[in-house]
Amino acid sequence: MYKVLRWIRVGVAIATLLLFILAFTFVGRGIEGIYTITRFQFIPAMISFLTGGAFVFLFFVVLTLLFGRVYCSLFCPLGIMQDGVAKVASWFKSKKGKRFKYSKPHTTLRVIVCVVSFAVLVLFGARFFAWIDPYSNFGKIASQLIDPLFIGANNLLSEIFSDSIFHRSHNPIIWGSFIFGAAFCLLVVVMSAFRGRLYCNTICPVGTLLGYISKISLFKLAISKDECIKCNACVNVCKSECIDVKSGEVDESRCVVCLNCTTVCKKHGLKFVRRSKINGESADKGAVMQGRREAIGAIAGLGAVVVARGIQGNKAGDPAREITGIIPPGARSLEHLKANCTACQACVEACPNRIITPAFGEYGAANLMLPTIHYKKQFCGFNCNVCSNVCPNGALKPLSVEEKRKVQIGRVEFIAKNCIVFKHKTDCGACDEHCPTKAITMKEWHGRPGLYFPTVNPDMCIGCGGCEYVCPESPKAMVIRPLAVHGEAIPPKQDLQEEKKVDDFGF
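Residues numbered from 1 in each chain as written. Predicted model: local features only at pLDDT ≥ 70, side-chain atom pairs only at ≥ 80, totals over all residues. Heavy atoms only, no water.

Visitor: Explain the overall build of the chain to me, please; I cannot follow it from the model alone.
Guide: A tally of regular secondary structure across the chain gives 20 helices and 10 strands. Dimensions of the chain, computed from C-alpha atoms along their principal axes, come out at roughly 100 × 55 × 45 Å. Scored against the burial criterion, the 507 residues of the chain give a buried share of 50%. In the chain, of all internal contacts separated by at least 6 residues, the share reaching a separation of at least 24 is 72%. Of the roughly 25,200 Å² that the chain leaves accessible, carbon and sulfur atoms contribute 63%. Both charge centroids of the chain, one from 60 positive and one from 37 negative side chains, sit 14 Å from each other. (Helix = DSSP H or I, 4+ residues; strand = E, 2+ residues; numbered from the N terminus. Buried < 20%, exposed > 50% of the residue type's maximum accessible area, 1.4 Å probe, protein only. Contact = heavy atoms within 4.5 Å. Areas by Shrake-Rupley, 256 points an atom, 1.4 Å probe, with all protein chains shown as cover. Lys, Arg positive; Asp, Glu negative; His and termini not counted. Charge placed at Lys NZ, Arg CZ, Asp CG, Glu CD.)

Visitor: Any chance you could explain helix H7 (residues 134-160) here in plain terms?
Guide: For an α-helix, 3.6 residues make a turn, and residues three or four places apart therefore share a direction. With 27 residues, H7 ought to run about 39 Å at 1.5 Å a step, and its terminal C-alpha atoms sit 38 Å apart, in line with that. Most pronounced at Ile146, the bend in H7 amounts to some 35 degrees, and the proline Pro148 follows within four residues. (Expected span 1.5 Å × (residues − 1). Bend = angle between axes of the 7 residues up to and from the residue.)

Visitor: Looking at this structure, I do not really get the nonpolar core. What am I missing?
Guide: Across soluble globular proteins, nonpolar side chains show a tendency to be buried alongside one another. Formed by 123 residues in total, the largest nonpolar core has its most connected members in Phe42, Met46, Tyr71, Leu78, Phe118, Ile243 and Leu337. No other element matches the six residues that helix H8 (residues 175-195) contributes to this core. Leu337 has contacts with Ile327, Ala331, Tyr363, Leu370, Pro371, Ala395 and Leu396, leaving out every residue within four places of it along the chain. Listed in part, the eight residues of the second largest apolar core include Val421, Leu451, Cys471 and Ala477. (Core = buried A, V, L, I, M, F, W, Y, C linked by side-chain atoms within 4.5 Å.)

Visitor: For this particular structure, what's the right way to read the state of the cysteines?
Guide: Cysteine pairs can be linked by a disulfide, which is a covalent bond between their two sulfur atoms. What the rule picks out here adds up to zero disulfides. Free cysteine: Cys384, not disulfide-bonded; nearest cysteine sulfur from Cys380 at 6.1 Å. (Disulfide = S-S within 2.5 Å.)

Visitor: Before we go on, may I ask you to explain the side chain of Arg9 in this structure?
Guide: Of note, Arg9 is situated in helix H1 (residues 2-23). Salt bridges are absent for the buried Arg9, whose nearest opposite-charge side chain, Asp83, sits at 4.1 Å. Not counting residues up to four positions away in its chain, the partners in contact with Arg9 are Ser73, Leu74, Asp83, Lys239, Val257, Cys258 and Asn260. (Salt bridge = Lys/Arg side-chain N within 4 Å of Asp/Glu carboxyl O.)

Visitor: What am I meant to see in the packing of H1 against H7 here?
Guide: The relative placement of two packed helices is expressed as an angle between their axes plus a distance between the axes. The N-to-C vectors of H1 and H7 enclose an angle of 65 degrees; their axes lie 9 Å apart at closest approach. Here H1 lies roughly perpendicular to H7, going by the angle between them. Crossing of H1 over H7 shows right-handed handedness. Contacts from Leu17, Phe20 and Ile21 of H1 reach H7 at Tyr135, Phe138, Ile146 and Phe150. Its residues assigned to classes, the contact of H1 with H7 comprises seven nonpolar, no polar and no charged. (Axes fitted to C-alpha atoms, helices over the stretch in contact; angles between N-to-C directions. Parallel < 35°, antiparallel > 145°, perpendicular 65-115°, else oblique. Left-handed = near helix turned anticlockwise from the far one by under 90°. Nonpolar A, V, L, I, M, F, W, Y, C, P; charged D, E, K, R; others polar.)

Visitor: Explain the environment of Lys397 here, please?
Guide: Here Lys397 lies in the loop between helix H16 (386-390) and helix H17 (401-404). In this structure Lys397 comes out as buried when scored by relative accessible area, which is 10%. Along the primary structure Lys397 and Gly330 are separated by 67 residues, whereas in three dimensions their C-alpha atoms are 4.6 Å apart.

Visitor: What is the right way to look at the confidence of the model for the chain in this model?
Guide: Caution applies to low-pLDDT parts of the model: their predicted coordinates are not meant to be read in detail. In this model, the chain carries a mean pLDDT of 90, and residues with pLDDT of at least 70 account for 95%. The model gives residues 496-507 a pLDDT under 50, and that stretch makes two contacts with residues more than four places away or in other chains. (pLDDT = per-residue confidence, 0-100.)

Visitor: Just to check I follow, could you spell out a nonpolar patch on the surface for this structure?
Guide: Taken together, the side chains of Met1, Val4, Leu5, Ile8 and Val12 make up a nonpolar region of the molecular surface, amounting to roughly 480 Å² of accessible area. Among the structural elements, Val12 can be located in helix H1. By relative accessible area, Val12 is classed as partly exposed at 34%. (Patch = residues over 30% accessible without salt bridge, like charges linked within 9 Å, V, L, I, M, F, W, Y side chains within 5 Å.)

Visitor: What's the story with the packing of aromatic side chains in this structure? I'm lost.
Guide: Centre distance and the angle of the planes are the two values used to describe a pair of aromatic rings. Throughout the structure, instances matching the rule amount to 24 aromatic pairs. The interplanar angle of 55 degrees and the centroid separation of 5.5 Å between the aromatic rings of Phe118 and Phe129 together place this pair among those described as tilted. Remark: Phe129 occurs in the loop between helix H6 (107-124) and H7 and Phe118 occurs in helix H6; sequence separation between them is 11 residues. Summarising the burial analysis for this pair, Phe118 and Phe129 share the class buried. Taken together through their ring pairs, the aromatic side chains of Phe42, Phe49, Phe57, Phe59, Phe60, Tyr71 and Phe75 make up a single cluster. Above the ring of Trp445, the side-chain terminus of Arg448 is found at 5.2 Å from the ring centroid. (Phe/Tyr/Trp six-rings, centres within 6.5 Å; stacked < 30°, edge-to-face > 60°. Lys NZ or Arg CZ within 6 Å of the ring centre and 35° of its normal.)

Visitor: Got a minute to help me understand the side chain of Gln144 in this structure?
Guide: Positionally, Gln144 belongs in helix H7. We classify Gln144 as buried; its relative accessible area is 10%. Within the structure, Gln144 has its side chain in polar contact with the side chain of Gln345 (distance 3.1 Å). Gln144 has contacts with Ile174, Ser177, Phe178, Gln345 and Pro358, leaving out every residue within four places of it along the chain. (Polar contact = N/O pair within 3.5 Å; in protein donor to acceptor, adjacent residues only side chain to side chain.)

Visitor: What am I meant to see in the packing of H7 against H8 here?
Guide: It is at 9 Å that the axes of H7 and H8 come closest, and there the two elements cross at 115 degrees. Relative to H8, the element H7 is oriented roughly perpendicular. Where H7 crosses over H8, the handedness of that crossing is left-handed. Taken together, the residues of H8 that come into contact with H7 (itself represented by Asn137, Lys140, Ile141, Gln144 and Leu145) are Ser177, Phe178, Phe180, Gly181, Ala182, Phe184 and Cys185. Considering only residue class, the contact of H7 with H8 consists of seven nonpolar, four polar and one charged.

Visitor: In this structure, what is going on with the environment of Gln345? I would like to understand it.
Guide: With respect to the helices and strands, Gln345 occurs in the loop between helix H14 (334-340) and helix H15 (346-350). Sequence separation between Gln345 and Asp226 is 119 residues; the distance between their C-alpha atoms is 51 Å. If near-sequence neighbours (up to four positions away) are discounted, Gln345 is found in contact with Phe24, Lys140, Ser143, Gln144, Ser177 and Pro358. Looking at Gln345, its side chain comes within polar contact range of the side chain of Ser143, at 2.7 Å.

The following block contains the structure:
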């Protein structure tokens, strides 16, 4: 039975990892519903508890209370990646080098990292959690490292199969996000290659929190002291290094329920059983009570985090604050973005025009890697609302197309001295043609009949960047100035068109 359960676990884990890779690389772009997978993560569900994530969050808590840390083996892409790295690393090790061994828990380090992480989340918002959240960091690894490799492979194949495979341009490299993603990936790979789930059981705050909740789970893996012959076969395959055959205990706070141990034990000395049965046989009552206190404390702390974030509400921020980066639609304000965004880069990968990038100073040094918009290579589509509908944290509120058309993420500024009309005394009008809200109109130049120059109404501008992108001059005559707090643009007046008779030639 345990072999079947283990293969089911492996199958679900592989499917989860593949879905996340699709979601964060160009391969999955255009697959309807692919970003739904990003909502089935613990931290995004917790952050968006009051805005749609409650069911997923409670599901993971209940799942942990029933079976322990199965989340880490089934649903966490970073945890699954570590298992893959450990497996590949084992191919290059000697028979002795493949064996794991029991190690004592790094309790002090785990608790400090976990408490500090969630305290910072409550006090300063999610932006600092971006540095340590396992899901968000996997998103950075996938978007900054895996996606470029896929694009490179695609382009190599396009040289061979030019008729069926199209060449794709690489995304602009944001060095801050790239370096962090590469450094974090290297750290996790090294730790996994030599010590399996060491990262999960020392640094990851989600693993620590769920580990303590697991201390009162209904079922747990336990060693049958009557059947165990202390052969260490289970210890050798335990990537969490949490099985101590000498004491006959499995540290459930570190066990990720991978079931590797149950499939190698020839004496059936390891079983997944009800906790009450273990406690009724020979459990240390003091240890049991301590575990219960720790679990109750973890659940209480988690509840306090959720309540505290709910009380904070949606911060509006200071409209007069100066920023150099344009905040994506749905974010409402920089303060709201800082409070909820973990920089997972789902919106960066989902944007069809590739105008959303990780910030590198646009919002200040304390807000690196949060999403920001640039209009160097494209502009924001008037009928596009993709980014606001893929965010799992609620940092970008879901917008309908109609709502998005009214959101003012910036305001246009016309710099007349840079305009081709004034510089070269020639017609242009590209900005007017690309303005979807009629915030730009052409006016005849007094004294120069037939020559028209643009005029702007910033109150009607939504900051889509169409005018800035198409402006042929450098520096640009049309520039979108970002808003620290989003507004609502004045809708354009409907033009009344006179009915005209048309002859057979169309005139």
